[in-house]
Amino acid sequence: TQRKEHELQLAAASARVLDLYDNAPCGYHSIDSQCVFLHINATALSWLGCTRDELIGKRRALEFFTPEGQAQFQQNFGRLMAEGRVEGLEFDLVPARGQARRVSVTATSVKDAEGRFVMSRTVMFDITDLHRTREALRQLTAEQTAMLDNDLVGIVKLRDRRAVWKNRALGRIFGYEHEELLGQPSRM
């Protein structure tokens, strides 16, 4: 009876861990030295548009990246195998079925007693919305810079009646070097 109770407790604990692993709001997976999937959670499976049977032991992580992502992956996979950790990598994930997404990847390596690479422990976060927002901000910043830093209209930003920023036209119009007006009072 006590043995049966321990088995039930172990099964319940195992089910909780598996549920946490499979339904986490991030993708988990492990790949071997040939980049073939060994383990993967349900979240990552849904992002890749595959079933476990289609993926485990059969497909390589490289298959789900753009050509640029594949090059970046190969470069950093060697680093993972040598150094044991990579983090903050971003890739465009291209699924077999479903919607592409941008992911941030962090991985650590598992090594055997002789220090040989066995597999990765990889976490992926979906940063698609964050990436779109960053790209939109980058575009807006480029447009604003082009508009403000022109050669036709002199513009100066003042704080407490002192110049804290100016565009190149202002210096040209008044005959000052690039940084010469910064910090100067507005009456100058």
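This text follows the structure it describes.
Throughout what follows, the structure given in this document is the object of discussion. Since the structure is predicted, the reported quantities are computational estimates derived from the model, not experimental observations.

In this section: the overall build of the chain. Along the chain, the regular secondary structure elements total 6 helices and 7 strands. Helices (α) and strands (β) of the chain occur, in sequence order from the N terminus, as α-β-β-α-α-α-β-β-β-α-β-β-α. At 27 Å, the chain has a C-alpha radius of gyration far larger than the 16 Å of a compact globule built from 188 residues. Seen along its three principal axes, the alpha-carbon backbone of the chain occupies a region of about 90 × 40 × 40 Å. Residue burial in the chain is summarised as follows: out of 188 residues, 32% are buried. Taking the intrachain contacts of the chain between residues at least 6 apart in sequence as the baseline, contacts between residues at least 24 apart amount to 36%. For the chain, the accessible area works out to roughly 12,400 Å², and carbon and sulfur atoms hold 54% of it. One finds the centroid of the 26 positive side-chain charges in the chain at a distance of 3 Å from the centroid of its 25 negative side-chain charges.

All right, on to the nonpolar core then. Within soluble globular proteins, side chains that are nonpolar tend to cluster in buried spots. Phe37, Leu55, Phe73 and Leu93 are the most contacted members of the largest nonpolar core, which totals 26 residues. The set of elements that each furnish at least two residues to this core consists of β2 (37–40), α2 (42–48), α4 (67–83), β3 (85–93), β4 (101–111) and β5 (117–126).

Here the focus is the packing of aromatic side chains. Each aromatic ring pair is summarised here by two numbers: the centre-to-centre distance and the angle between the ring planes. Taken as a whole and assessed by the stated rule, the structure comprises 6 aromatic pairs. Residues phenylalanine 37 and phenylalanine 64 carry aromatic rings whose centres are separated by 6.1 Å and whose planes lie at 70° to one another, so their mutual orientation is edge-to-face. In this pair, phenylalanine 37 is assigned in strand β2 and phenylalanine 64 in the loop between α3 (52–55) and α4, connecting sequence segments 27 residues apart. Like phenylalanine 37, the residue phenylalanine 64 is buried in the burial classification. Ring centres of phenylalanine 77 and phenylalanine 117 lie 5.6 Å apart, and the angle between their planes is 80°; on these two criteria the pair is classed as edge-to-face. You can see phenylalanine 77 sitting in helix α4 and its partner phenylalanine 117 sitting in strand β5, a full 40 residues away along the chain. In terms of burial, phenylalanine 77 and phenylalanine 117 fall into one category: buried. Through successive ring pairs, a cluster of aromatic residues spans Phe65, Phe73, Phe77, Phe91 and Phe117.

Thresholds applied
- Residues numbered from 1 in each chain as written.
- Predicted model: local features only at pLDDT ≥ 70, side-chain atom pairs only at ≥ 80, totals over all residues.
- Heavy atoms only, no water.
- Helix = DSSP H or I, 4+ residues; strand = E, 2+ residues; numbered from the N terminus.
- Rg over C-alpha atoms; globule rule 2.2 N^0.38 Å.
- Buried < 20%, exposed > 50% of the residue type's maximum accessible area, 1.4 Å probe, protein only.
- Contact = heavy atoms within 4.5 Å.
- Areas by Shrake-Rupley, 256 points an atom, 1.4 Å probe, with all protein chains shown as cover.
- Lys, Arg positive; Asp, Glu negative; His and termini not counted.
- Charge placed at Lys NZ, Arg CZ, Asp CG, Glu CD.
- Core = buried A, V, L, I, M, F, W, Y, C linked by side-chain atoms within 4.5 Å.
- Phe/Tyr/Trp six-rings, centres within 6.5 Å; stacked < 30°, edge-to-face > 60°.

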